[in-house]
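The residues making up each chain are set out below.
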Amino acid sequence: MSVMTSCTAAAFAGALLAGVCMAQTTPVDAGYSIIPRPSSLTAQAGEFTLTANTAIHAAPAFRAVAHRFARDIADPLGADLAVTTSSSTGTATQRGIHLRQRASLPAEGYQLDVTPARIVIHASTPAGAFYALETVKQLLPPAIYRKAPLPGTRWTVPTVTIEDTPRFGWRGAHLDVARHFMPKEFVRKYIDLLARHKFNRFHWHLTDDQGWRIAIQKYPLLTEVASCRDGTLVGPYVTDPARQVFDGKRHCGFYTQDDVREIVAYARERMITVVPEIEMPGHVQAAITAYPYLAARTDTMPGVLKLWGVSPFILTPSDSAVQFMQDVLREVLTLFPSPWIHVGGDEAPKDQWKASPAIQARIRSVGVKDEHEMQSWFIRQMDTFLTAQGRRLIGWDEILEGGLAENATVMSWRGTTGGIAAARSGHDVVMAPNSHTYFDYYQSRDRANEPLAIGGFLPIDTVYAFEPVPAELTSDQAKHILGAQAQLWTEYIPTPRHAEYMAYPRLTALSEVLWTSKQRRDFADFSRRLPAHLLRLDALDVNYRPPR
């Protein structure tokens, strides 16, 4: 029993359940506060002690994972653990940490046995071994996440047997860097935190009306012009221009192609696939500003958008615009090995298409009946292009309108209706409903004590209650639900510290939704484990939202 008497990480569990922060006594199982919760855990008697002389004996397929673990803990441990190559078969008899390969285990699953003499991990893939070692870190004191040794720390791991495998193959988190550019250093930290929580997809929202953030060699104006705006809306979103408040500061930023390669490699080491998003045919005002011939309406050039919300400016569905976006995607494919490439497809107003005689003629010439089918035609051009390159198109659920491209995966954000329709038609789905996964929403109904947000209300218990597989689906249809992900839109999130505040601990809750079986999820149990986990976030210097 641990006594918690202040409104800190150690009091968070009671505050979550009671809705208040007061002196209280909260039971915390400090030895096994693992998040996300494993498939099974059997406690044993005793502990394993990690020292500077502990060696890691890794099967050949797991050497890179072993070296990554050794580097991760070298600073707090004050030592570089030796990594040796061992056989994948036979019995582990030496003291130390053993990583052994067993082909019969699920691809991302693992078995972990901790005894006083050794830690033995079995996995079939490097991902499984990586996640097992992330669990080992959580079994160590929180100081294992610091950057230097803390005097007097005993590096002990409680003895335990764990069998574990994730429920979903897509465990994702999104980051919008178009509305507010985030420095490369924070993107790396964001990826690190995802890895600590066993996420495996990083959805990188790189372009929008308010900024273009990725260098494209063929079209240099995308970064020379479209990566900067002359100001930013800093007050509440209102449609009355007289009430709109701007900061008057020029906001710029983009990632070079070498920056992108670095981030992709960094993520790959941590078992995370980076899924890039290049918006089209809407949310392209920044691109249109740089290359006006792309615009559906050419009599007025808008400039990179300073407001939030949906811009009326949209790409013209011409052959030249299709070629432009495919040229962009061709360079994107050289940077991102991800099987999935996100093309947006959301919130594309058709008013400019309706008002243009040339575009109306274009609609008739390609043989579609209306503007919705015209957008579907545009998305199909990208689907055909990506399929020919061995990739898969993914887009927001608006790509269902006018007919879904043959090979498309749907990301369902306007509730779950779009995901249900896509799964029923045999298409894969990533669930991302704003009701449960939009982390730009307020975390409290008491908005006066929260930073300005775009709206909405999403407390941590609602996140935890999310069920990614709709009850309306049959068992065969449910197989098309790949998983789910969080969305972190940054209209009102200007800094990395603010992003951390909005993401955590809600991302911690979502990690358990996506990893842990439905039967093993329990919010009261999660809340008892969370205070110990917040001490880890403290050590990682995460500016999570404290209890109120």
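Structural notes, computed from the coordinates. Every value quoted in this text rests on a predicted model; they were computed, and no experiment measured them.

**Overview of the state of the cysteines**
Under the counting rule described, the total for this entry stands at one disulfide. Two residues, C228 and C252, share a disulfide whose sulfurs are 2.1 Å apart. Here C228 and C252 share a disulfide; its torsion about the S-S bond, 125°, makes the bridge right-handed. Remark: C252 occurs in strand 15 (residues 251-252) and C228 occurs in strand 14 (residues 228-229); sequence separation between them is 24 residues. Judged by relative accessible area, which is 13%, C228 ranks as buried. Under the relative-accessibility criterion, C252 is labelled partly exposed at 35%.

**Quick notes on helix 3 (residues 126-139)**
Along its 14 residues, helix 3 runs 20 Å from first to last C-alpha, staying within 8% of the 20 Å computed at 1.5 Å per residue. Along helix 3, 13 of the 14 residues are buried, which leaves the element largely enclosed by surrounding structure.

**Points about the packing of aromatic side chains**
A full pass over the atoms with the stated rule returns 22 aromatic pairs. Ring geometry for Y438 against Y441: centres 5.7 Å apart, planes inclined by 55°, an arrangement best described as tilted. Summarising the burial analysis for this pair, Y438 and Y441 share the class buried. Here a set of aromatic residues connected by ring pairs shows up, and it is made of F181, F186, Y190, F202, W204, Y255 and F336. The aromatic ring of W515 is capped on one face by K198, whose charged end is 5.7 Å from the ring centroid. Over the ring of Y464 we find R521; its NZ or CZ atom is 5.6 Å from the centre of that ring.

About the thresholds
- Residues numbered from 1 in each chain as written.
- Predicted model: local features only at pLDDT ≥ 70, side-chain atom pairs only at ≥ 80, totals over all residues.
- Heavy atoms only, no water.
- Disulfide = S-S within 2.5 Å.
- Helix = DSSP H or I, 4+ residues; strand = E, 2+ residues; numbered from the N terminus.
- Buried < 20%, exposed > 50% of the residue type's maximum accessible area, 1.4 Å probe, protein only.
- Expected span 1.5 Å × (residues − 1).
- Phe/Tyr/Trp six-rings, centres within 6.5 Å; stacked < 30°, edge-to-face > 60°.
- Lys NZ or Arg CZ within 6 Å of the ring centre and 35° of its normal.

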